[in-house]
Amino acid sequence: MTVGTTLPLLKDPQMQFGATTFFAKQHKGDTCGSNGLPLTPNSIIIVGRAQTLKTINCPYLCQYLDFIRGKHERTIVVSQYCGTPLAELIEKRRFEPEEIVQIAYQILEGLKVLHGRKIVHRTLSNDNILLQSSGDVKLFNYGLFHMSKFGSLVSFPVFQVLYTAPEVFLNGINRLSSDPKCDIWSLGVCLAELALNKVLWSSLKLGQKIRKILSMLQVNGSILEKIAREHNSYEQYLEMPEDLKEIIEECLNVLPSHRPTCDLLLKKPCFQQFKAKEGEGFRKICPPFEIFTIHELYHWWQLAGGDVLLELKKQGLIRSSPPILSLPSLVLIEGVVLGQDRNPATLYDPRIAQMPLDALYQRFAHIPFPVFYPLIHSKSEIIADADPPPYDATALPLVIKEKDPEYQLHRVILLRRLLHGYPFTKDFIVEQSAKDIPPLLRGEIWAALLNIQADYETTYTRIDKVTHTTTDRQIEVDIPRCHQYNELLSSADGHKKLKRILKAWVYQNSQYVYWQGLDSLTAPFLYLNFNDEGKAFACLSAFVPKFLHNFFLKDNSVVIEEYLCKFSQLIAFHDPDLANHLHEINFYPQLFAIPWFLTLFSHVFPLYKILHLWDRLLLCDSSFPIHIGLSVLTQLRDRLLTSGFNECILLFSDLPEVDIEKCVLLSTSTYQNTPRSVTSREHENGKFHKKDELDIVGLKLEELKKERCPRISANDVVNFVRNRPNDVLLIDIRNPTMYSRCSVMGSINIPFSSVSFSDNIIDNIGLHSAALKSKGHKVVVVIGDADTDLETFPTFLLQCNISKVCVLHGGFNRLLSVTPTVLTSNNAM
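These figures come from a predicted structure and were not determined experimentally.

1. Some words on the overall build of the protein
- Along the protein, the regular secondary structure elements total 39 helices and 16 strands.
- With respect to the three principal axes, the spread of C-alpha positions in the protein is 120 × 75 × 50 Å.
- Residues classed as buried in the protein amount to 51% of the 829 residues present.
- Contacts in the protein between residues far apart in sequence, at least 24 positions, make up 75% of those at least 6 positions apart.
- Roughly 38700 Å² of accessible area belongs to the protein as shown, and the carbon and sulfur atoms make up 53% of that amount.
- Charged side chains of the protein number 86 positive and 89 negative; the gap between the two group centres comes to 4 Å.

2. Remarks on the sheet that holds strand E1 (residues 17–23)
- The antiparallel open sheet is built from four strands, whose spatial order is E2-E3-E1-E9. Looking at which strands have only one partner, the edges of the open sheet turn out to be strand E2 (64–69) and strand E9 (353–354).
- Relative to the sheet, helix H13 (residues 294–303) contacts E1, E2 and strand E3 (74–80), its axis offset from that of E2 by approximately 45°.

3. Brief notes about empty space enclosed by the protein
- Considering all chains together, one arrives at four cavities of 30 Å³ or more under this definition.
- Of the volumes computed, that of the largest cavity is approximately 80 Å³.
- Lining the largest cavity we find Gly-18, Ala-19, Thr-20, Phe-22, Tyr-64, Val-77, Ser-79, Phe-140, Asn-141, Leu-144, Met-147 and Tyr-348.
- The biggest single contributor to the lining of the largest cavity is E1, with four residues.
- Residues belonging to the lining of the largest cavity are distributed by class as follows: eight nonpolar, four polar and no charged.

4. Here we look at the packing of helix H25 (residues 518–528) against helix H30 (residues 607–617)
- In the contact formed by H25 and H30, the axes pass within 11 Å of each other and the chain directions differ by 90°. One way to sum up the angle between H25 and H30 is to call them roughly perpendicular. Contacts between H25 and H30 involve Leu-521, Pro-524, Phe-525, Tyr-527 and Leu-528 on the former and, on the latter, Leu-607, Ile-610, Leu-611 and Trp-614.
- The class makeup of the residues in the contact of H25 with H30 is nine nonpolar, no polar and no charged.

5. What about the pairing of E3?
- The element E3 is largely enclosed, with a buried count of seven among its seven residues.
- The pairing of E1 with E3 spans seven bridges and is classified as antiparallel. Residue pairing across strands places Gly-18 opposite Ser-79, the latter belonging to E3.
- Inspection of the sheet shows E2 paired to E3 by five bridges, in the antiparallel sense. Counterpart to Arg-69 in the pairing with E3 is Thr-75.

6. Considerations on the sheet that holds strand E5 (residues 129–131)
- Within the open sheet, the three strands sit side by side as E4-E5-E6. Their pairing is antiparallel. Two strands close off the open sheet at either side, each with one partner strand: strand E4 (84–85) and strand E6 (137–139).
- Contacting E5 and E6, helix H3 (residues 97–116) crosses the sheet at an angle of about 35° to E6.

7. Things to note about the packing of aromatic side chains
- The full count for this structure, using the stated rule, is 43 aromatic pairs.
- Ring centres of Phe-292 and Phe-372 lie 5.9 Å apart, and the angle between their planes is 45°; on these two criteria the pair is classed as tilted. Of the two residues, Phe-292 is situated in the loop between helix H12 (272–278) and H13 and Phe-372 in the loop between helix H15 (358–364) and helix H16 (381–386); the sequence distance between them amounts to 80 residues.
- Classification of Phe-372 by relative accessible area gives buried; the value is 0%.
- On the numbers, 6.2 Å between centres and 40° between planes, the contact of Tyr-391 with Tyr-407 is tilted.

8. Concerning the pattern of salt bridges
- Under the counting rule described, the total for this entry stands at 36 salt bridges.
- Note that Arg-637 is salt-bridged to Asp-575, the shortest N-O span being 2.5 Å. Of this pair, Arg-637 sits in helix H32 (residues 637–641) while Asp-575 sits in the loop between helix H27 (557–574) and helix H28 (576–584), and the two are 62 residues apart along the sequence.
- Arg-734 serves as the salt-bridge partner of Asp-732, at 2.7 Å between the closest nitrogen and oxygen.
- Of the residues examined, Arg-734 reaches a relative accessible area of 3% and is grouped as buried.
- Residues joined by salt bridges that share partners form a network here, namely Asp-621, Arg-676, Glu-684 and Lys-691.

9. Looking at unusual backbone geometry
- Backbone torsion omega between Tyr-422 and Pro-423 reads 10°, so that peptide bond is classified as cis.
- Relative to the assigned elements, Pro-423 resides in the loop between helix H18 (405–420) and helix H19 (426–433).
- The phi torsion at Glu-73 lies on the positive side, around 70°, for a residue other than glycine.
- Within the secondary structure, Glu-73 sits in the loop between E2 and E3.
- Classification of Glu-73 as buried rests on a relative accessible area of 9%.
- Of note in the backbone geometry, Asn-550 takes a positive phi value of approximately 65° without being a glycine.
- Summarising the element assignment, Asn-550 is placed in the loop between helix H26 (533–547) and H27.
- In this structure Asn-550 comes out as buried when scored by relative accessible area, which is 18%.

10. Some points on the UniProt feature "domain: Rab-GAP TBC" (unreviewed entry) in the protein
- According to UniProt, the "domain: Rab-GAP TBC" (unreviewed entry) feature falls on residues 436–621.
- The span residues 436–621 carries 60% helix and 0% strand; its end-to-end C-alpha distance comes to 18 Å.

Thresholds applied
- Residues numbered from 1 in each chain as written.
- Predicted model: local features only at pLDDT ≥ 70, side-chain atom pairs only at ≥ 80, totals over all residues.
- Heavy atoms only, no water.
- Helix = DSSP H or I, 4+ residues; strand = E, 2+ residues; numbered from the N terminus.
- Buried < 20%, exposed > 50% of the residue type's maximum accessible area, 1.4 Å probe, protein only.
- Contact = heavy atoms within 4.5 Å.
- Areas by Shrake-Rupley, 256 points an atom, 1.4 Å probe, with all protein chains shown as cover.
- Lys, Arg positive; Asp, Glu negative; His and termini not counted.
- Charge placed at Lys NZ, Arg CZ, Asp CG, Glu CD.
- Pairing = 2+ DSSP bridges.
- Axes fitted to C-alpha atoms, helices over the stretch in contact; angles between N-to-C directions.
- 1 Å grid on protein atoms, 1.4 Å probe; cavity = no way out; pocket = protein on both sides within 12 Å on 5 of 7 lines; lining within 4 Å.
- Points joined across faces, edges and corners; volume = space filled by probe spheres on them.
- Nonpolar A, V, L, I, M, F, W, Y, C, P; charged D, E, K, R; others polar.
- Parallel < 35°, antiparallel > 145°, perpendicular 65-115°, else oblique.
- Phe/Tyr/Trp six-rings, centres within 6.5 Å; stacked < 30°, edge-to-face > 60°.
- Salt bridge = Lys/Arg side-chain N within 4 Å of Asp/Glu carboxyl O.
- UniProt positions renumbered as here; feature names shortened; annotations may be inferred.

Okay, here's the thing in structure tokens:
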């Protein structure tokens, strides 16, 4: 393959997919459940149950890619669809016995995976067995019976009449369970068709086919022989190899208990040759490397303009009719509909719509070949010069970048490689995540940023998630209200998973109690890891200690109060005008911000906004949520400045639309331009915030509540003096005598006693007022000692609308232990 040729990579015969569609059963009337809430639509239950099918990855099973919920309970299933159905080849070509045995082996391997997950195929037929150009087969449409909850959520029977085992008809097709042995019968019928090269009973009508299957219960001898005689294929039956004949005979046993399981059949000698071939080389030790997955290709196809609904309409699988034709003749008070003809569109349509990929091929045809093989750790100059120029999308808004197929291809390929190397590539992942996080890989990247270890599944499995606890009732009340606009979280499976995760968290964190809002905090992790509860739980367990340390104590009032005080001080630090206005009207953060910080905005914003917000949050420390709160107020600033107390209450009771991208940019800007100690808290987790004697420690809440301007640590002041002297304005308010003996380098002296605080006029401080007026972006650090009032002077500057005012914690004496490069002395004075 020559450099620059990428289409052969994309045009892999296995990288094809198609879609089917059907209707879920509708509830009659506005029926409510036992909790008084409306019943969850069956289509949502189907989408929730179907998610686990995405996790199945077997070479003999088509991969499920997507489940889309349409109007009027329509459900669309997108899955891998490649190869030719065996039903189209029967009677057109002859299958050799060795080939049939190989097909049987691969079908059994696929069924073994399904049955191991307690999934019964129920629609196994030669229509749903796809023969690849390589000679291998893949099973298709194996998840319909599972996702429809054993057929109870749809109005049509889930089976293929000709291939269905007799006991299914005897037990009732609507029975809410099914024995995996019915798939073994279906396998026998499929192999019989291949061996005899006949489509069985093709001329019979539906009822006749069912009677024919039930008549097998009366057969005393060989069912395969009976089938062969009825189809004038007795000679083929006699010529059939004994091992193949034995397999089919055992599968076509009318007694399910006498049919073998997949494991028993796979132990037959004729299958050992295929097991030996699969064990060759390193296949068992190291799984085959994939340049990209079919899930990623499907994602890029959608970004490049692919529309499943549109393709289904084009190919006639979705047909619309005028609404007036669907009106009933009569609707009773109870909601019962009378006189409405059955809509034929609600019946099951087995047709498959193949999705065209030409637009994707054209869009990606120019992409250089090396893009699919990025080098991460090291590059020689020669290789670096030969690399294609990177795809530049830095000027594009995040929303546009997430919709750009070419950009997402570059990002997904690169970050997938980095994830393969986790945890050794953690630094690279952090570096790349700072640019942006591809939506397709967000769950895995979040887990990496939270340092989730490989044994998370074992830890989760060992936790008791079943025993009833006192918090169960509150959890059950909260879950039906948690982001229920999301189809996954509103599904029955979503409710069960969320409850288990919350119970596990409460069980593991006995020092905490369940607070309302914890469900909202868990929702983003479950949404991103819907098929991996253990990972969702591990992410939550790592997230809370880092960002919400001690927030869920039974008495968390001190922790919350400290957090809100820091929030008020941060507002004063960056926006004194807004801080003064809110203070004058007595509108404090306690009135609106507690749900913000207790749930880190997951209870305030919709899920898609939370994902973007937390992308940035996970790269920062526990102070970042305060900056998010400031960015929200900044967007509402104009309305707040013109509102009184009552208007502000009404404004936050129904929070206006917030631009989340602007929110991320603003909060990132203030986070980067705020000294770390300004937002430092006494109750933050020491594991993530190491402190020494020059940091702010021992500050009591009573003192903090009195101060409107934040404190800054000696460490941050020293850093300013040594490394960024042009970014700080140091104001020493001690008396001139003390200042002359020893002072901080570059500081100016404004004695506290020389300032008149009667009016909020900056000129009252004298000659140095000009320095404050023209300070620009500089941080103003007020330095005093025990003889000076460290509350009045900074508050005066705040009331004069001077921004970035803070006070040195511990006063001037805290700096005496620092090397002389920070302090100067003038003994002559």
